[in-house]
Amino acid sequence: MEKVLIKDLAKFVDKEVRIQAWVANFRSSGKIAFWQLRDGSGFAQAILNADVLGETKWQEMAKVSLETSVELTAAVSKHPKKEEYELQVKDFSFIQIAEEYPIAKKEHGVDFLMDNRHLWLRSSHQWAIMRVRNTLISATYDFFRENNFIKIDSPILTPNACEGTTELFELNYFDDKAYLSQSGQLYLEAAIFAHRNVFDFGPVFRAEKSKTRRHLTEFWMMDAEMAFCSLEENLDIQEKLVRFMVSAVLEKNKPELTILERDIKPLENILKPFHKITHDEAVKQLQALGSDIKVGEDLGADDETILTKQYDNPLFVTHYPKDIKAFYMKPDPKNPDRVLCADLLAPEGYGEIIGGSQREDDYDKLLQRIKEHKLPEEAFSWYLDLRKYGSVPHGGFGFGLERIVAWVCGLQHVRETIPFARTINRLNP
Ligand code: 4AD
Ligand code: MG
């Protein structure tokens, strides 16, 4: 008999199928029992009837426990009212009768659930989040493929910092020191001279001591880098990418968004143009909204929250003060205290999901920046080389996948957006 996934049951109405699944819930009344089945692809109710199964099987049925794995044969029927399919069980066998499952139906604290993350992943909420995450990953690859970008895998073991030197994980590398990559950007800058438009996508590491709802110590970053690219072109591609990603979720993950009780109206705004303001304008707006931020200061997480609640779609904040941004960003020729950069802030209070900029493409100016930032010149000599041999205006950006998942799913905290979260106080399981 054909082995079938729950998601495909619609094609098998009135037919018999073979299903392998877990029992996510069960109840019985009289001579009928109901199993809520989960097979990874979806959820379906199985109906077991004592008269159909016979006495021996019916006795065995009573041994079922939460998370028990089963194989069964059943006839498929459609729910009279809903778009759901039911399984009229003809026969079943247990693969393993599960021990008492630690995650009960009652409310558990989030620490308990995170300690049991290896099991919590099975819950319908977590299942839905991982599937949205998967769509966002696939959409990223699809977008870049369609737009002539080449994937370049940047290294994870690196000899120098890319972002702040205070947030580096250091490790012994034989007789030397190495650092876990904070972003592949610098390596992608080398690759644009061979391939023009490139991206990477992989885990990066930040020894952030922050205990916020937006910070992980290990997260997945996508960096993109483009030769012959202006800030405007850079923002344009970011806007298209984010629109493409969110549209893919709206198209493919409606059932998941329903499980997550996500209001999709704000996501549907994604088709409208994104808003753009300068950092100076953002500061003015924030002051008017009661923030004590001053000109020249970075936006705090609270500032981003207040600010993005004023807009119904992602917001680019451009031209940040030079002193609060990374060494590689190119100053604005019209206002050298500001850099040609943008952060993309997600709406509904979510805040920064993308950081990007024009890169300093002049050898002498870049060298001076490296010195100002007291970075080890030797370690950056290869990076400086890129400004010697056919330097071009170029720029790029990087997103944190977990921040995007949190926003799209409407989650409070990034810890649920990655299978196994690493934070300042969590390395388990
Ligand atoms: O703004 P960031 O630090 O920019 C860079 O690393 C650039 N080199 C990227 C580039 O231009 N290629 O980080 C990029 C994004 C942020 O916008 C945020 O979404 C995410 O990475 N991010 C974090 N996500 C989770 N936990 C953290 N600790 C994060 N730090 C940054
Ligand atoms: Mg940033």
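So, how was this worked out
Residues numbered from 1 in each chain as written. Chains lettered and ligands numbered in written order. Predicted model: local features only at pLDDT ≥ 70, side-chain atom pairs only at ≥ 80, totals over all residues. Heavy atoms only, no water. Helix = DSSP H or I, 4+ residues; strand = E, 2+ residues; numbered from the N terminus. Buried < 20%, exposed > 50% of the residue type's maximum accessible area, 1.4 Å probe, protein only. Contact = heavy atoms within 4.5 Å. Near = heavy atom within 4 Å. Polar contact = N/O pair within 3.5 Å; in protein donor to acceptor, adjacent residues only side chain to side chain. Disulfide = S-S within 2.5 Å. Domains from an automatic or database assignment. Buried area = accessible area lost by both parts, 1.4 Å probe. Salt bridge = Lys/Arg side-chain N within 4 Å of Asp/Glu carboxyl O. Nonpolar A, V, L, I, M, F, W, Y, C, P; charged D, E, K, R; others polar. Axes fitted to C-alpha atoms, helices over the stretch in contact; angles between N-to-C directions. Parallel < 35°, antiparallel > 145°, perpendicular 65-115°, else oblique. Left-handed = near helix turned anticlockwise from the far one by under 90°. Lys, Arg positive; Asp, Glu negative; His and termini not counted. Pairing = 2+ DSSP bridges. Phe/Tyr/Trp six-rings, centres within 6.5 Å; stacked < 30°, edge-to-face > 60°. Lys NZ or Arg CZ within 6 Å of the ring centre and 35° of its normal.

Novice: Looking at this structure, I do not really get the overall build of the protein chain. What am I missing?
Specialist: Assigned secondary structure in the protein chain consists of 14 helices and 18 strands. Oriented by its inertia axes, the alpha-carbon framework of the protein chain measures out at about 85 × 55 × 40 Å. By residue count, 52% of the 429 residues in the protein chain fall in the buried class. Taking the intrachain contacts of the protein chain between residues at least 6 apart in sequence as the baseline, contacts between residues at least 24 apart amount to 67%.

Novice: Looking at this structure, I do not really get the site of ligand 1. What am I missing?
Specialist: In the vicinity of ligand 1 lie 21 residues, with Glu163, Gln185, Arg206, Asp223 and Glu352 positioned nearest. The separation between an oxygen atom of ligand 1 and a polar main-chain atom of Ile353 is 2.8 Å. Contact between ligand 1 and Arg359: an oxygen atom at 2.9 Å from a side-chain N or O atom of the residue. Every element with two or more residues in the shell around ligand 1 is listed here: strand E11 (218-227), strand E17 (351-358) and strand E18 (394-400).

Novice: Whenever I open this one, the state of the cysteines confuses me. Can you help?
Specialist: One covalent bond between the sulfur atoms of two cysteine residues makes up a disulfide. Counted under the stated rule, the structure contains zero disulfides. Considering cysteine sulfurs only, Cys341 is the nearest to Cys229, which forms no disulfide, with 14 Å between them.

Novice: Would you mind going over the domain arrangement of the protein chain with me for this structure?
Specialist: By a frequent convention, interface size equals the accessible area lost on bringing the separate parts together. Domain annotation of the protein chain identifies domain 1 (6-96) and domain 2 (117-416). The gap between the C-alpha centroids of domain 1 and domain 2 is 46 Å. Each partner contributes residues to the interface: domain 1 has six residues there, and domain 2 has five residues. Between domain 1 and domain 2, the buried area comes to about 450 Å², and carbon and sulfur atoms account for 56% of it. Across the domain 1-domain 2 interface, the total number found is one salt bridge. The partner of Glu67 in a salt bridge is Arg122, and the shortest N-O contact between them spans 2.9 Å. One can count two residue pairs in polar contact (both at pLDDT 80 or more) joining domain 1 with domain 2. When its residues are assigned to classes, the side of domain 1 that touches domain 2 shows one nonpolar, three polar and two charged.

Novice: Whenever I open this one, the packing of helix H7 (residues 231-252) against helix H14 (residues 401-409) confuses me. Can you help?
Specialist: For any two helices packed against each other, one specifies the inter-axial angle together with the distance between the axes. Put simply, H7 and H14 touch, their axes get as near as 11 Å, and they point 50° apart. Taken together, H7 and H14 sit at an angle that is classed as oblique. The two elements H7 and H14 cross, and the hand of that crossing is right-handed. Of H14, the residues touching H7 (which contributes Val242, Met245, Val246 and Val249) are Ile404, Trp407 and Val408. The residue inventory of the contact of H7 with H14, partitioned by class, reads seven nonpolar, no polar and no charged.

Novice: What should I look at first to understand the environment of Ile353 in this one?
Specialist: With respect to the helices, strands and loops of the structure, Ile353 is situated in strand E17. Note: C-alpha distance between Ile353 and His373 (20 residues apart in sequence) is 25 Å. Residues in contact with Ile353, not counting those within four places in the same chain, are Leu344, Ala346, Gly398, Phe399, Gly400, Arg403, Ile404 and Trp407.

Novice: Help me out: how do you make sense of the side chain of Asp223 in this one?
Specialist: Secondary-structure assignment places Asp223 in strand E11. Arg359 provides the closest opposite charge to the buried, unpaired Asp223, separated from it by 6.3 Å. Side-chain polar atoms of Asp223 contact the backbone nitrogen of Gly184, separated by 3.0 Å. If we skip the residues at most four places from it in the chain, Asp223 touches Ser183, Gly184, Gln185, Leu188, Val198, Phe199, Asp200, Phe397 and Gly398.

Novice: What am I meant to see in the pairing of strand E9 (residues 176-180) here?
Specialist: Side-chain positions along a regular strand alternate between the two faces of the sheet. When strand E7 (residues 157-158) meets E9, the two strands line up antiparallel, connected through two bridges. Opposite Thr158, over in E9, you have Tyr179 as the bridge partner. The pairing of strand E8 (residues 170-173) with E9 spans four bridges and is classified as antiparallel. By the bridge assignment, Leu171 is partnered in E9 with Ala178.

Novice: Just checking my understanding: could you explain the sheet that holds E9 for this structure?
Specialist: Strand-to-strand pairing in sheets goes through backbone hydrogen bonds, with the strands running parallel or antiparallel. Spatial strand order, E7-E9-E8: three strands in an open sheet with antiparallel pairing. Of all the strands in the sheet, the pair left with one neighbour each is E7 and E8.

Novice: Even after reading the chapter, I still don't get the side chain of Ser357, so can you show me in this structure?
Specialist: Relative to the helices and strands, Ser357 is located in strand E17. Take Ser357: its relative accessible area is 0%, and that puts it in the buried class. One polar contact links Ser357 to Arg359, side chain to side chain, over a distance of 2.7 Å.

Novice: Any chance you could explain the sheet that holds strand E10 (residues 197-205) here in plain terms?
Specialist: Strands sit in the order E6-E10-E11-E18-E17-E16-E13-E12 across an open sheet of eight strands; the sheet is mixed. Whereas interior strands pair on both sides, the edge strands pair on one side only; in this sheet they are strand E6 (150-151) and strand E12 (275-278). Of the strand pairs in this sheet, strand E16 (residues 341-346) and E17 are connected by six bridges, and their pairing is antiparallel. Each residue of the ladder has a partner; that of Asp343, found in E17, is Gly355. Sheet contacts for helix H10 (residues 279-288): E12 and strand E13 (315-318); angle to E12, the most-contacted strand, approximately 90°. Here helix H11 (residues 301-308) sits on the sheet and contacts E12, E13, E16 and E17; the angle it forms with E16, its principal contact strand, is near 70°.

Novice: Help me understand the packing of aromatic side chains, please; the structure alone is not making it clear to me.
Specialist: The geometry of two aromatic rings is summed up by the distance between their centres and the angle between their planes. Evaluated as defined, the whole model comprises 20 aromatic pairs. Its end group placed over the ring of Tyr320, Lys325 keeps NZ or CZ at 4.3 Å from the ring centre.

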